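# Chain and residue survey
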Amino acid sequence: MHRILIVDDEPNLRQVLEMYFTQKGYEVIQASSGTEALKVFEGGEGFHLVICDIKMPDMDGLKVLGEIKARAEHVPVIMVTAFGSHLGALEALRSGASDYIAKPFELEELAFRARKAIEKLALEKQVYELREEVAARTKFGFIVGKSAAMQKVGQLVEKVASSTATVLLSGESGTGKELVARAIHDLGPRKRASFVSINCAAIPETLLESELFGYERGAFTGAVRNAPGLFLEADKGTLLLDEIGEMSLGMQVKLLRVLQDHRVRPVGATREFEVDVRVIASTNQDLQAAVADKRFREDLYYRINVIHLALPPLRERKEDIPILVQHFLKKFCAAQGIPLKKVSMDAMRILENYAWPGNVRELENIVERAVALEPGGVLRLSSLPGHLASLPLPALPAADLPEEGLDLGRHLDSIARRLILQALERTDGNQTRAAKLLKMSFRSFRYYVQKFKIKDLVNPGRSAD
Ligand SMILES: Nc1ncnc2c1ncn2[C@@H]1O[C@H](COP(=O)(O)OP(=O)(O)OP(=O)(O)O)[C@@H](O)[C@H]1O
Ligand SMILES: [Mg+2]
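Residues numbered from 1 in each chain as written. Chains lettered and ligands numbered in written order. Predicted model: local features only at pLDDT ≥ 70, side-chain atom pairs only at ≥ 80, totals over all residues. Heavy atoms only, no water.

## Considering the sheet that holds strand β7 (residues 195–199)
The pairing of strands in a sheet happens through backbone hydrogen bonds and is either parallel or antiparallel. Read from one edge to the other, the open sheet built from 5 strands follows the order β7-β8-β11-β6-β12, with strand pairing classed as parallel. Strand pairing shows two members of the sheet lacking a second neighbour, β7 and β12 (307–310), which therefore form its edges. Each neighbouring strand pair of the sheet contributes to a mean axis angle of 20 degrees, computed without reference to strand direction. As judged from the 4 bridges shared by strand β8 (residues 238–242) and strand β11 (residues 278–283), these two strands associate in the parallel manner. If you follow Leu-239 over to β11, its bridge partner there is Val-279. Sitting on the sheet, helix α6 (residues 148–161) is in contact with β6 (167–170), β11 and β12, with an inclination near 150 degrees to β12. (Pairing = 2+ DSSP bridges. Helix = DSSP H or I, 4+ residues; strand = E, 2+ residues; numbered from the N terminus. Axes fitted to C-alpha atoms, helices over the stretch in contact; angles between N-to-C directions. Contact = heavy atoms within 4.5 Å.)

In structure tokens:
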């Protein structure tokens, strides 16, 4: 139910308004003066609208408006002005009133404006919540990785986000360059403006120029109207130039000029436009080698390589694989609205030891596929594509005595635990068969299951068959 605070020194008008709005299904609170209004309003929680008279003896309505806005900026206030007082109305709007109505007014008219103000409040709240949600989703918490290399990337992202320095992101395909570029944008002061990205390799040179800088009507056949181009679209925001290494030398000159002058000239235009764009460039090739080969301009290279962030290939940070798998499992199970699946130890060992030529993107696709295909709660070798499932299982780590010695009992326990888990996975949680695989009695097997507190994988329905 929507709650309205009515502030007016005239008891009759208050009474009429209360009756009218109550009948329409609102909850109405009355206040006979500004002082009283502020007392009941407090922090504004629970109020959806204030209707306030401008002319009141103890505290001027505009003053009340100011106080209310100071306490709860989002709550809309409709001011009731004296007949013919346009100045009052203007003043009210300037001070933050969302609307005004002049005395004498029709109740219907006021009700209409009240409804509009409340609807707008609801909409703004929704937009705000959506924004918060999007912001949370793209926080760099979503750059998953615990390897030293990724931790360093995370720290750098945070550091560079607040500057406008050009960033060069390098890394093989699928290592997360676009993800990192977005994180830099989202964590910095430009997050409310646009993040625009363009793949320089996918677009022919002539088109790339008009895509980036825009064009004026009539600049070429087909240019039937002015187009602003991506630099202007990204004004105050961030522009990601993906695969910049593929840009032709001619375009490189033009880009360099824009980066130096912060001005763009649309194709066919005589004017230039000032732009304030943070540029992030990414490449999956060795730009320095391209410079040496004269395929990439040295001056542009130095211009974009102010801060260099190298994303290591996944095979060089295998410790990130299990948490990435977990991350994608959560993502895809949630997307399908199914309970979170697990990954069998065998399957995980394969995933951890595969070379991942397509890096994180390939891993993401494989988890998505496995979640879609596996009807059970555990992803197994059979849920992986053939070229992965058929890889030889890597051997368990050799038992070498480390320099500083080790706790033998604990070490043996951890090995026993791993083997028991694997046996359970292979037998689908059947303890009798798992015990057989490990050549031990059912009783000893139960002993270990209890000792290691293994509950998840044990299939209670089939434990004693
Ligand atoms: N560290 C990470 N944490 C979570 N997700 C990641 C991570 N790295 C990459 N991804 C995901 O992997 C996919 C590929 O990443 P992205 O598109 O950023 O790669 P890229 O380096 O731009 O690849 P390409 O060179 O092919 O364009 C995306 O869905 C991205 O969200
Ligand atoms: Mg990319």
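So much for the structure itself; the text now carries on.
## Here's the deal with the site of ligand 1
Taken together, 18 residues sit near ligand 1, with Val-144, Ser-173, Gly-174, Lys-177 and Glu-364 positioned nearest. One nitrogen or oxygen atom from the main chain of Gly-174 is found 2.8 Å from an oxygen atom belonging to ligand 1. For ligand 1, the accessible surface in isolation is 640 Å², of which the surrounding protein chains cover 86%. For the shell around ligand 1, the secondary-structure elements that each account for two or more residues are α7 (177–187), α13 (321–336) and α15 (359–373). Each residue belonging to the shell around ligand 1 can be placed in one class, and the counts come to 8 nonpolar, 5 polar and 5 charged. Each of domain 2 (143–312) and domain 3 (316–389) accounts for three or more of the residues forming the shell around ligand 1. (Near = heavy atom within 4 Å. Polar contact = N/O pair within 3.5 Å; in protein donor to acceptor, adjacent residues only side chain to side chain. Areas by Shrake-Rupley, 256 points an atom, 1.4 Å probe, with all protein chains shown as cover. Nonpolar A, V, L, I, M, F, W, Y, C, P; charged D, E, K, R; others polar. Domains from an automatic or database assignment.)

## Some details on the domain arrangement of the chain
For the chain, the assigned domains read domain 1 (3–133), domain 2 (143–312), domain 3 (316–389) and domain 4 (408–462). Here domain 2 and domain 3 have C-alpha centroids that lie 32 Å from each other. Facing the 11 residues of domain 2 at the interface are 12 residues of domain 3. The interface formed by domain 2 and domain 3 contains 0 salt bridges. At the surface where domain 2 touches domain 3, the tally comes to 8 residue pairs in polar contact (both at pLDDT 80 or more). (Salt bridge = Lys/Arg side-chain N within 4 Å of Asp/Glu carboxyl O.)

## Some remarks on the pairing of strand β3 (residues 49–53)
Burial within β3 is extensive, with 5 of its 5 residues counted as buried. Burial of the side chains of β3 extends over both faces: Leu-49, Ile-51 and Asp-53 are buried on one face and Val-50 and Cys-52 on the other. The pairing of strand β1 (residues 3–7) with β3 spans 4 bridges and is classified as parallel. Directly across from Ile-4, in β3, lies its bridge partner Leu-49. Pairing geometry for β3 and strand β4 (residues 77–81), over 4 bridges, is parallel. By the bridge assignment, Asp-53 is partnered in β4 with Val-80. A crossover connection joins β3 to the parallel β4 through helix α3 (residues 61–71); in handedness this β-α-β unit is right-handed. (Buried < 20%, exposed > 50% of the residue type's maximum accessible area, 1.4 Å probe, protein only. Right-handed = clockwise from strand over helix to strand, strands pointing away.)

## Notes on helix α14 (residues 345–353)
The buried count for α14 comes to 7 of 9 residues, which makes it a mostly enclosed element. Every buried residue of α14 is listed here: Met-345, Asp-346, Ala-347, Met-348, Arg-349, Ile-350 and Leu-351. Looking at the buried positions of α14, the neighbouring elements they touch are α13, β13 (342–343), α15, β14 (378–379), α16 (386–389) and α17 (408–426).

## Some remarks on the sheet that holds β1
Taken in spatial order, the 5 strands of this open sheet run β2-β1-β3-β4-β5, and their pairing is parallel. With one partner strand each, in any of the chains shown, β2 (27–31) and β5 (99–102) form the two edges of the open sheet. Pairwise comparison of adjacent strand axes, ignoring direction, gives a mean angle of 20 degrees for this sheet.

## What about the side chain of Lys-341?
Position of Lys-341 among the secondary structure elements: in the loop between α13 and β13. In this structure, Lys-341 is buried with no salt-bridge partner, the nearest side chain bearing the opposite charge being Glu-374 at 5.8 Å. Of note is the side chain of Lys-341, whose polar atom sits 2.8 Å from the backbone oxygen of Gly-376. Discounting residues that sit within four places of it in the chain, Lys-341 has contacts with Leu-329, Cys-333, Val-371, Glu-374, Pro-375, Gly-376, Gly-377 and Leu-379. (Lys, Arg positive; Asp, Glu negative; His and termini not counted.)

## Looking at the environment of Asp-99
Mapping Asp-99 onto the fold places it in strand β5. Its relative accessible area of 15% is what places Asp-99 among the buried residues. Through-space distance from the C-alpha of Asp-99 to that of Asp-293 is 65 Å; in sequence the pair is 194 residues apart. If we ignore the near neighbours within four places in the chain, the residues touching Asp-99 are Val-77, Ile-78, Met-79, Leu-93 and Arg-113. Among the polar contacts listed, one links the side chain of Asp-99 to the side chain of Arg-113, at a separation of 3.0 Å.

## Overview of the layout of surface pockets
Taken as a whole, the second largest pocket holds about 510 Å³ of empty space. Lining the second largest pocket are 22 residues, with His-74, Pro-76, Lys-120, Leu-121 and Glu-124 sitting closest to its centre. In terms of residue count, helix α5 (residues 107–138) provides more of the lining of the second largest pocket than any other element does, 10 residues in total. Among the residues making up the lining of the second largest pocket, the classes are represented as 7 nonpolar, 7 polar and 8 charged. (1 Å grid on protein atoms, 1.4 Å probe; cavity = no way out; pocket = protein on both sides within 12 Å on 5 of 7 lines; lining within 4 Å. Points joined across faces, edges and corners; volume = space filled by probe spheres on them.)

## A short note on the packing of helix α8 (residues 205–213) against helix α10 (residues 249–261)
Running from amino to carboxyl end, α8 crosses α10 at an angle of 15 degrees, the nearest separation of the two axes being 10 Å. Between α8 and α10, the crossing angle belongs to the class labelled roughly parallel. Taken as a pair, α8 and α10 cross one another with a handedness that is right-handed. From α8, Glu-205, Leu-208, Glu-209, Leu-212 and Phe-213 reach across to α10, where they touch Gly-250, Met-251, Lys-254, Leu-255 and Val-258. Per-class residue counts for the contact of α8 with α10 are 6 nonpolar, 1 polar and 3 charged. (Parallel < 35°, antiparallel > 145°, perpendicular 65-115°, else oblique. Left-handed = near helix turned anticlockwise from the far one by under 90°.)

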